[in-house]
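Listed below, chain by chain, are the residues.
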Amino acid sequence: MVFKNEEQIFKYITANKQTPVWITEARGYHKLLLALIDGEGFKELLIEQIEHLEDKNKAASRKKYSRNVTDFYERLLRLTDNIYNSTGGIKSYNNLSDSQMEDLGKHISNIGGGKSLESWLESTWLKTYHQDPNGIVFLEYDAMLGIEPRPTYKSINTIRNYVSNGQMLEVLLFEPLQLEDGNKQWVVVDDVTFYTINQSVKDTFTIVDEQTFNHEFGRVPAIINSDIQRIGYKEARLSPIHNVIELSEKFARDLSVKTVYQQLAGFPRRWSYASEGSSCPSCHGLGQNGADSCGTCGGSGQTNNKKDVTTEDILSIPENGEAAIVPASGYVSPDLAYLADSRIELKELEDLAAFTHWGSIINTQAVATATEVVINTQPVSMRLNKYANVAEYMESSITDLIANNMFLEKDKTSSVASIHYGRNYIIESVDAVLGRYNTARASGDNTIVLDRLYQEYLLSKYRSDETGLSIAIKKSKVDYYIHYTSEQIESLLNDKEVARKVLFNEWWKTIVDFNKSSDVLRGQYDAWFEVIYNKNVVVKETEVTEDN
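Predicted model only: the values in this text are computed from it and were never measured.

(A) Structural context of the overall build of the protein chain. When its secondary structure is counted, the protein chain shows 17 helices and 17 strands. In the protein chain, which comprises 548 residues, the share counted as buried stands at 42%. Within the protein chain, contacts between residues separated by at least 24 positions form 67% of all contacts whose residues are at least 6 apart in sequence. Accessible surface, the protein chain: about 29700 Å² in total, of which carbon and sulfur atoms supply 51%.

This is how it looks when you write it as structure tokens:
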């Protein structure tokens, strides 16, 4: 969208002098998400008095000693690490000259703070995708200082309104700046221009020429954080964890109750029978002065009448015929069975949240069959694919906007970035994947299944070590009998192939150049092996490790 004239701009600002209802609601939504995911304002927003069940004093204690649930979301969203850490994927840049591609590559590999565009999206956008779905990624630059465009996060709290087109924007209006002279200053952005406009106390508008300039992005340089449109609303977006918000609120409330109860259980109260001299001197143990309750002891009749765990509850000495408790003093502790039950319920809430968001509770036990695990992880992979799709869109859209601004002669409507992230997700632990592989190998599964499971194991083991992963995968392609023991080979083939199996690791230790192809390395091993074998070297099987 491009404003046709000043009057149209002023009219748009006038229409938004009052904050739109959807913006107010989006800010409240952002505040709630921040409290849950980051713990910001958690106690003030989420720990409230439970009506008809606790008084104000108990509610105050619960609020004081409760803790936030950031760890709940840390566990729930841990699988999102796969989006930017999975292997595979490819990025290509088209419709640019060689020099332009070089300049663009240098810039997106360091867009500020030593971060690449991808690492910035991982550390900033992915978090705001969950916490502030209606906020935006906004591109800022300074042509005078030679600062190329770089992404910044703009909270929904800084935005007065915008008009969207998918995740892109047609027009953007920021919250006004209150000037010292009582005037306001607005910033409006359309597809061509950054406008700075002053509003006087008499509601007259003036464009500030020295702060108004055309940009070269080709459209509003902003992208909405979330792709999830709220049905029935024109603009509002939802967080990916929207459907587990109420579950996490209940988790937070139940956890706060458990925390307070646990403190009570940790301080058992002492009781004893009244002793001589413990009666209240004002009422002499009667609890009353005339018709009124005794003001000294509060009606208890005892001098020790404070109700906290550091003092005793004093019982009256039994009179004739009344049963007495033996021994004459002791402790009363709250029922600890509640704590056990509450732990079970909290675990159930967390499992329900994981199942709601990911579609599965991952079975990481090695005893699970390969088929069971594939079924359990399939919905998780589908959810991760949705994350990856929007992450790819964010990176490609930002890259296109940056290229539009950097290369003035570029066609603003043509896309230069083709971004495809890897989809080899590591959902289970290394031990779980290795256990499935060993089980499948022991049961004699075919090599297609074993190859896939072994690759999953390598991806899991070397997820943070690309060099180690590359070498391990190449080794698996060179080794003739990676899935078989020497006994199995002997029963199927002959002694020479047993020797080929046993000697492989000894030869592999001698390799210094891993840049050679697997076919070349296999040829080198065959030549080395023939020399050794033909010399009739006595071969003994070495201990089998997890890698062979």
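(B) Seen up close, the nonpolar core. Within the largest apolar cluster, 80 residues are counted, with the highest numbers of intra-cluster contacts made by Leu104, Trp125 and Leu172. The biggest single contributor to this core is helix 11 (residues 370-406), with 12 residues. Setting aside residues no more than four positions away along its own chain, Trp125 makes contact with Tyr84, Trp120, Val137, Asn225, Val390, Ala391 and Met394. Ranked by size, the runner-up nonpolar core spans 15 residues in total, among them Val433, Tyr457, Leu458 and Leu459.

(C) A look at the packing of helix 14 (residues 466-478) against helix 17 (residues 518-534). Axis separation between helix 14 and helix 17 bottoms out at 9 Å; the angle between their running directions is 55°. By the criterion of interaxial angle, the relationship of helix 14 to helix 17 is oblique. For the crossing formed where helix 14 meets helix 17, the hand is right-handed. From helix 14, Lys474, Lys477 and Val478 reach across to helix 17, where they touch Ser518, Leu521 and Arg522. Across the contact of helix 14 with helix 17, the residue classes break down as 2 nonpolar, 1 polar and 3 charged.

(D) Fine view of helix 1 (residues 6-15). What helix 1 keeps buried is the set Ile9, Phe10, Tyr12 and Ile13. With its buried residues spanning 155° around the axis, helix 1 presents them on a single face. Counted as exposed and oriented over 90 degrees from the buried face of helix 1: Glu7, Lys11 and Ala15. Turning to helix 1, the residues buried within the fold contact strand 4 (159-165), strand 5 (168-174), strand 7 (184-189), strand 8 (193-199) and strand 9 (205-207). The distance from a side-chain oxygen at the start of helix 1 to the backbone nitrogen of Glu7 is 3.2 Å, and the residue carrying that oxygen is Asn5.

(E) The arrangement of the pairing of strand 4 in detail. Summarising burial for strand 4: 5 of the 7 residues are buried, a large majority. As judged from the 6 bridges shared by strand 4 and strand 5, these two strands associate in the antiparallel manner. What sits directly across from Ile159, in strand 5, is Phe174. The loop that links strand 4 with its antiparallel partner strand 5 comprises 2 residues; one of these, Gly166, has a positive phi angle of about 70°.

(F) Representation of the packing of aromatic side chains in the model. According to the stated counting rule, one finds 26 aromatic pairs in the structure shown. Ring geometry for Phe504 against Tyr525: centres 5.3 Å apart, planes inclined by 85°, an arrangement best described as edge-to-face. Remark: Tyr525 occurs in helix 17 and Phe504 occurs in helix 16 (residues 495-508); sequence separation between them is 21 residues. Judged on exposure class, the residue Phe504 and its partner Tyr525 are both buried. Here a set of aromatic residues connected by ring pairs shows up, and it is made of Phe504, Trp507, Trp508, Phe514, Tyr525, Trp528, Phe529 and Tyr533. Sitting over the face of the ring of Tyr480, Arg522 holds its NZ or CZ atom 3.9 Å from the ring centroid.

Cut-offs used in this document
The residue numbering used here restarts from 1 in each chain and proceeds along that chain's sequence as written. It should be noted that, the model being predicted, local features are given only for residues of pLDDT at least 70 and side-chain atom pairs only at 80 or more, the latter also being counted only at that level, while totals for whole chains, interfaces and linings use all residues. The basis for the side-chain values is all heavy atoms of the structure; hydrogens and waters are excluded. Working definition: helices are DSSP H or I runs of at least four residues, strands are E runs of at least two. Numbering for both runs from the N terminus. When a residue's accessible area, from a 1.4 Å probe over protein chains only, is under 20% of the maximum for its type it is buried; when over 50% it is exposed; and in between it is partly exposed. By the convention used here, residues are in contact when the closest approach between their heavy atoms is within 4.5 Å. For the accessible areas, the method is Shrake-Rupley and the probe is 1.4 Å, while residue cover comes only from the protein chains on display. Residues belong to a common nonpolar core when they are buried Ala, Val, Leu, Ile, Met, Phe, Trp, Tyr or Cys residues joined through side-chain atoms within 4.5 Å. Whenever a helix is involved, its axis is fitted only over the stretch in contact; in every case the axis is a line through C-alpha atoms, and angles between N-to-C directions fall within 0 to 180 degrees. Any angle between 65 and 115 degrees counts as roughly perpendicular, while under 35 counts as roughly parallel, over 145 as roughly antiparallel, and the rest as oblique. Take the far helix as the reference: if the near one is turned anticlockwise from it by less than a right angle, the crossing is left-handed, and if turned clockwise, right-handed. Polarity classes work like this: nonpolar for Ala, Val, Leu, Ile, Met, Phe, Trp, Tyr, Cys and Pro, charged for Asp, Glu, Lys and Arg, and polar for all others, with Gly in that last group. The arc in question is the one traced by the directions running from the helix axis out to the C-beta atoms. Side-chain atoms alone can form a polar contact between residues adjacent in sequence; in general such a contact is a pair of N or O atoms within 3.5 Å, and within protein one must be able to donate a hydrogen while the other accepts it. Paired strands, as defined in this entry, are two strands with at least two bridges between them according to DSSP. The criterion for an aromatic pair is that two Phe, Tyr or Trp rings (for Trp, the six-membered ring) have centres within 6.5 Å, with stacked assigned to planes under 30 degrees apart, edge-to-face to planes over 60 apart and tilted to the rest. Any Lys NZ or Arg CZ that is within 6 Å of a ring centre and within 35 degrees of that ring's normal is treated as a charge sitting over the ring.

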